[in-house]
Amino acid sequence: MGNELLNKAFSAAVAARDNAHAPYSKFKVGAALLLADGSIVAGCNVENSSFGGTICAERNAVCACVAKFGKVSATALVLVTEPVASPCGLCLQVISEFCPGTLPIYLSTPAGLGKSVRLNEFLPLPFGPEQLK
C-alpha cells in the first residue's frame, strides 16, 4: 500500500472529521477506509440527543462502504481524533465482521498520520460467524 493512497485516506478522514456532529461530547472523529482497489470511503461520528442513537465514525464508514459496494475490501483504516484515541469496542466488533484481523488501523490526529495497530491487537478474540454455527 503506497504512501500516496494512505495520505489520501488521511485527508478524507480529516475532512470527514470536520463534518462530525458532536455537540454533546465535543469529540469529533473522522475515519476513512482504504479499499483494495484504491477507493476511499469516509465517515464521521454523528451524535444524537438520545445517546444510543449515536453512530461512531468507524461504523459510519463501514456502513457507507457496504451501502456503496455491498462488501468491504479494506486494506487500512485511518482514524483521526484529537487527542489520539482507539476505536471503541462496538466499532472493533463491527470492523471485525468485514475486515481481517491483520487490518492496520492508523491512530492519527489532524496534524498527521499516526502509528498503525492491527485490528487483532485491539480485538484478539472477536465474536464472529464461526460462533453462530
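Residues numbered from 1 in each chain as written. Predicted model: local features only at pLDDT ≥ 70, side-chain atom pairs only at ≥ 80, totals over all residues. Heavy atoms only, no water.

Engineer: How should the packing of helix α2 (residues 57-69) against helix α3 (residues 89-98) be read in this particular structure?
Structural biologist: Axes are the key here: two packed helices are described by the angle between their axes and the distance separating the axes. Packing of α2 against α3 leaves a shortest axis separation of 9 Å and a crossing angle of 25°. Between α2 and α3, the interaxial angle falls into the category roughly parallel. α3 is crossed by α2, and the crossing has left-handed handedness. Seen from α2, the contacting residues are Glu-58, Arg-59, Val-62 and Val-66; seen from α3, they are Leu-90, Cys-91, Val-94, Ile-95 and Phe-98. For the contact of α2 with α3, a count of residues per class yields seven nonpolar, no polar and two charged. (Axes fitted to C-alpha atoms, helices over the stretch in contact; angles between N-to-C directions. Helix = DSSP H or I, 4+ residues; strand = E, 2+ residues; numbered from the N terminus. Parallel < 35°, antiparallel > 145°, perpendicular 65-115°, else oblique. Left-handed = near helix turned anticlockwise from the far one by under 90°. Contact = heavy atoms within 4.5 Å. Nonpolar A, V, L, I, M, F, W, Y, C, P; charged D, E, K, R; others polar.)

Engineer: Honestly, the environment of Val-46 in this entry has me stumped. Any pointers?
Structural biologist: The topology assignment puts Val-46 in the loop between β2 (40-44) and α2. Residue classification places Val-46 among the partly exposed residues on the basis of a relative accessible area of 32%. Once the C-alpha coordinates of Val-46 and Cys-65 are considered, the two residues, 19 residues apart in sequence, prove to be 17 Å apart. With near-sequence residues (within four places) excluded, Val-46 lies in contact with His-21, Gly-53, Thr-54, Ile-55 and Asn-60. (Buried < 20%, exposed > 50% of the residue type's maximum accessible area, 1.4 Å probe, protein only.)

Engineer: When you look at α3 in this model, what are you seeing that I'm missing?
Structural biologist: The α-helix winds at 3.6 residues per turn, so residues separated by three or four positions along the chain end up facing the same way. Turning to α3, its buried residues number three or more, namely Cys-91, Leu-92, Ile-95 and Ser-96. Down the axis of α3, the smallest arc covering the buried residues is 135°, so these residues share one side. On its buried face, α3 sits against α2, β3 (74-80), β4 (104-108) and α4 (119-122). (Arc of directions from axis to C-beta.)

Engineer: Is there a simple way to think about the side chain of Asn-45 in this case?
Structural biologist: Mapped onto the secondary structure, Asn-45 falls in the loop between β2 and α2. At 2.7 Å, the side chain of Asn-45 and the backbone nitrogen of Val-29 are in polar contact. Apart from residues lying up to four places away in sequence, Asn-45 is in contact with Ala-20, His-21, Ala-22, Phe-27, Lys-28, Val-29, Ile-55, Cys-56 and Ala-57. (Polar contact = N/O pair within 3.5 Å; in protein donor to acceptor, adjacent residues only side chain to side chain.)

Engineer: Would you explain the sheet that holds β3 in this entry?
Structural biologist: Within the open sheet, the five strands sit side by side as β2-β1-β3-β4-β5. Their pairing is mixed. Across the chains shown, the open sheet's two edge strands, defined by having one partner strand only, are β2 and β5 (116-118). Strand after strand, the sheet turns through a mean of 20° between neighbouring axes, direction not considered. Across five bridges, the pairing between strand β1 (residues 30-35) and β2 is antiparallel. Each residue of the ladder has a partner; that of Gly-30, found in β2, is Cys-44. (Pairing = 2+ DSSP bridges.)

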